[in-house]
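Here are the chains, one letter per residue:
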Amino acid sequence: MRRVSVFGATGSVGVNTVDLLARRPDDFQVAVLTGGRNITLLAQQARDLRAEVAVTAYDELLAELRHALAGSGVRVMAGRGALLEAATIPADWVMQAVVGFAGLEISLKLAEQGATLALANKESLVCGGALLQQTCAKHGTRLLPVDSEHSAIYQCIGGQDREVERIILTASGGPFLNASRDEMERATPEQAVAHPNWDMGQRISIDSASMFNKAMEMIETFVLFDVTPKQIEVIIHPQSIIHSMVGFTDGAIMAHLGPPDMRAPIGFALNWPDRHDLPLERLDFGKLGQLTFHPPCTDHFPAIPLAERVMEMGGLSGAVFNAAKEQALDLFLAREIGFLDMARIVETVLETTQTGDDPTLDAIIAADAEARSRACRLDRTKHV
Ligand code: NDP
């Protein structure tokens, strides 16, 4: 039996992970499950999977979680410190699916444990990629990407890292694939959240519509795989059947195909280095018809050139990019700015960013706070 933990168990990736674990109770012993505000779901998951420990990120929810798990034998913890402490509870495999910048410190703590770390939290790689990679290397932690594109790339490379010529990230194009720039300027949060292919949380769905999500994935690719920014391409593929491709020095291209279902990359990471049956729809090429591709228009999706700039800048620019993007998204959700203003804010904040090599966690946290406050001030003064 393998000991496993799931951080962010109550979220979209977490629920899919729990679904796979629940199907094989004889194979996995669950050490830790963590959540945030959804105490009912966290308690249910902890009971169903007979977890040893359940942790909510919020101190004030301790009593509610304790009450929900009364008589279950599950140990209960709460608060930020408890999350970091739970990251040190031994497990062979850990899913890190906490959302947002709050996930970076947890990823670093998990990377110190020397287990297999299945990483969904994008912000860890974008804000602290170099630091996380160094920590994994120092403690012998195996990092497995869970984002569907990076799982696809990892599988396509298949150990032939030195022969990689280009990495081609696919993007669905989201709900504004055929929208005019004017329509995008006027887009509402309700329109932006309606992703055509993937069923995801609100924030990541809007990031997909603006392609800030793809921009994050470009930076993640740069951190995870040994390539230069110029070797990373983005292509729009509206059907979301090809999850990404790798071109090799001999001109061959390997593509990873499958239905859009997060249980595919989660299951790959869970079963790695083996493969195991997964409850996924099988592709029927007769029904698929055609797969189409076209390059993204950077006028409509300015997040893409911004990601290229971040990869060239290095240092703290990833943390600044992510913080400004998150702050701009909050402002868009509050209807204080328009859809394309998000990229204008990020660009302005990035312009005044200092670069530097190999930042520490403290420097990243300070850069994050500073970029958020600058993004907020920009909105107030309308200097966008
Ligand atoms: P969700 O918002 O659905 O879930 C996030 C999880 O983190 C929940 O368990 C939530 O608890 C918990 N959480 C929220 N705030 C905090 C906090 N401050 N401290 C600790 N835990 C917290 O996110 P997703 O599952 O969609 O995404 C998780 C990560 O994976 C993100 O970084 C995302 O970019 C990435 N990702 C997501 C994909 C997807 O398909 N959804 C695909 C690829 C990557 P609660 O809900 O109980 O409040």
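Read on for a plain summary of the structure. Throughout this document, residue positions are counted from 1 along each chain, in the order its sequence is written. Owing to the predicted nature of the model, reporting of local features is limited to residues with pLDDT of at least 70; listing and counting of side-chain atom pairs is limited to 80 or more, with chain, interface and lining totals taken over all residues. Only hydrogens and water are removed before side-chain values are computed, so all heavy atoms of the structure are retained for them.

1. A look at the site of the ligand
Argument step 1. If you check the shell around the ligand, you find 25 residues, and the closest are Thr-10, Ser-12, Val-13, Gly-36 and Arg-37.
Argument step 2. Ala-120 is positioned such that a nitrogen or oxygen atom in its backbone is 3.3 Å from an oxygen atom of the ligand.
Argument step 3. For this analysis, a polar contact is any N or O atom pair within 3.5 Å, provided that within protein one partner can donate a hydrogen and the other can accept it, and provided that sequence-adjacent residues contribute only side-chain to side-chain pairs. For the ligand, an oxygen atom lies 2.9 Å from a polar atom in the side chain of Glu-123.
Argument step 4. Within the residue set of the shell around the ligand, elements represented by two or more residues are helix H1 (12-22) and helix H6 (122-139).
Argument step 5. Just so you know the grouping, Ala, Val, Leu, Ile, Met, Phe, Trp, Tyr, Cys and Pro go in nonpolar, Asp, Glu, Lys and Arg go in charged, and all remaining residues, Gly too, go in polar. Across the shell around the ligand, the residue classes break down as 13 nonpolar, eight polar and four charged. We define proximity as follows: a residue is near a molecule or strand when any one of its heavy atoms falls within 4 Å of that partner. A run of H or I in DSSP counts as a helix once it spans at least four residues, and a run of E counts as a strand once it spans at least two, with each numbered from the N terminus.

2. Some thoughts on the pattern of salt bridges
Argument step 1. Within this document, salt bridges are pairs made up of a side-chain nitrogen of Lys or Arg and a carboxyl oxygen of Asp or Glu, the two lying within 4 Å of each other. Tallied over the full model, the rule gives 27 salt bridges.
Argument step 2. Among the salt bridges present, the one from Arg-37 reaches Glu-60, with a minimum N-O distance of 3.5 Å. In this pair, Arg-37 sits in the loop between strand E2 (28-35) and helix H2 (39-48) while Glu-60 sits in the loop between strand E3 (53-56) and helix H3 (62-68), placing the two residues 23 residues apart along the sequence.
Argument step 3. Remark: exposure states derive from per-residue accessible area (1.4 Å probe, protein chains only) relative to the maximum for the residue type, with buried under 20%, exposed over 50%, and partly exposed in between. Residue Glu-60 is classed as exposed on the basis of its relative accessible area, which comes to 54%.
Argument step 4. Note that Glu-190 and Arg-335 form a salt bridge whose closest N and O atoms lie 2.5 Å from each other. With a gap of 145 residues between them, Glu-190 in helix H9 (residues 189-193) and Arg-335 in the loop between helix H15 (317-333) and helix H16 (341-351) connect regions that are remote in the sequence.
Argument step 5. For Arg-335, a relative accessible area of 52% gives the class exposed.
Argument step 6. Here the salt bridges do not stand alone but share partners, grouping Lys-122, Asp-147, Glu-149, Lys-214, Glu-217 and Glu-220 into one network.

3. Examining the environment of Phe-285
Argument step 1. Among the secondary structure elements, Phe-285 is positioned in helix H13 (residues 285-288).
Argument step 2. Given the relative accessible area of 52%, Phe-285 is considered exposed.
Argument step 3. Considered as a pair, Phe-285 and Asp-250 are 35 residues apart in the sequence and their alpha carbons are 27 Å apart.

4. Here we look at the sheet that holds E2
Argument step 1. The pairing criterion for strands is at least two bridges between them, as found by DSSP. If you trace the seven strands from one edge of the open sheet to the other, you get E4-E3-E2-E1-E5-E6-E7, paired in parallel fashion. Edge positions in the sheet fall to strand E4 (75-78) and strand E7 (142-145), since each of these pairs with one other strand and no more. Shown here is a sheet whose adjacent strand axes are inclined to one another by a mean of 20 degrees, direction ignored.
Argument step 2. Relative to E4, E3 runs parallel, the two being bridged by four bridges. Of the residues in E4, the one forming a bridge with Val-53 is Arg-75.
Argument step 3. In the packing of H1 onto the sheet, the strands contacted are strand E1 (2-7), E2 and strand E5 (93-96), and the crossing angle to E1 comes to about 160 degrees.
Argument step 4. Working rule for contacts: check all heavy atoms of both residues, and any pair within 4.5 Å makes them a contact. To define axes, lines are fitted to C-alpha atoms, for helices over the stretch in contact only, and angles between the resulting N-to-C directions are given on a 0 to 180 degree scale. Helix H12 (residues 263-271) rests against E1, E2, E5, strand E6 (116-119) and E7 of the sheet, and its axis sits at about 155 degrees to E5.

5. Examining the sheet that holds strand E8 (residues 164-171)
Argument step 1. What the four strands build is an open sheet, ordered E9-E8-E10-E11; its pairing is mixed. Every interior strand has two partners, whereas the edge strands, strand E9 (232-236) and strand E11 (253-257), have only one. Between one strand and the next, the sheet's axes are offset by a mean angle of 20 degrees, whatever the strand orientation.
Argument step 2. Both E8 and E9 contribute to a ladder of five bridges, which runs parallel. Within the sheet, the bridge partner assigned to Ala-171 lies in E9 and is Ile-236.
Argument step 3. Packing against the sheet, helix H7 (residues 148-157) makes contact with E8, strand E10 (242-248) and E11, and its axis sits at approximately 35 degrees to E10.

6. Observations concerning helix H10 (residues 202-210)
Argument step 1. All of the buried residues along H10 are Ser-205, Ile-206, Asp-207, Ser-208, Ala-209 and Ser-210.
Argument step 2. At the C-terminal side of H10, Met-211 shows a positive phi close to 70 degrees.

7. What about unusual backbone geometry?
Argument step 1. Of note, the amide linkage connecting Trp-272 to Pro-273 takes the cis form, showing an omega dihedral of 10 degrees.
Argument step 2. For Pro-273, the position within the fold is in the loop between H12 and H13.
Argument step 3. Of note, Arg-335 is a non-glycine position whose phi angle comes to about 60 degrees, a positive value.

8. Examining the side chain of Thr-34
Argument step 1. Relative to the elements of secondary structure, Thr-34 occurs in strand E2.
Argument step 2. Within the structure, Thr-34 has its side chain in polar contact with the backbone nitrogen of Gly-8 (distance 2.9 Å).
Argument step 3. Other than its neighbours up to four places away in sequence, Thr-34 contacts Val-6, Phe-7, Gly-8, Ala-9, Thr-10, Leu-42, Val-55, Leu-83 and Val-98.

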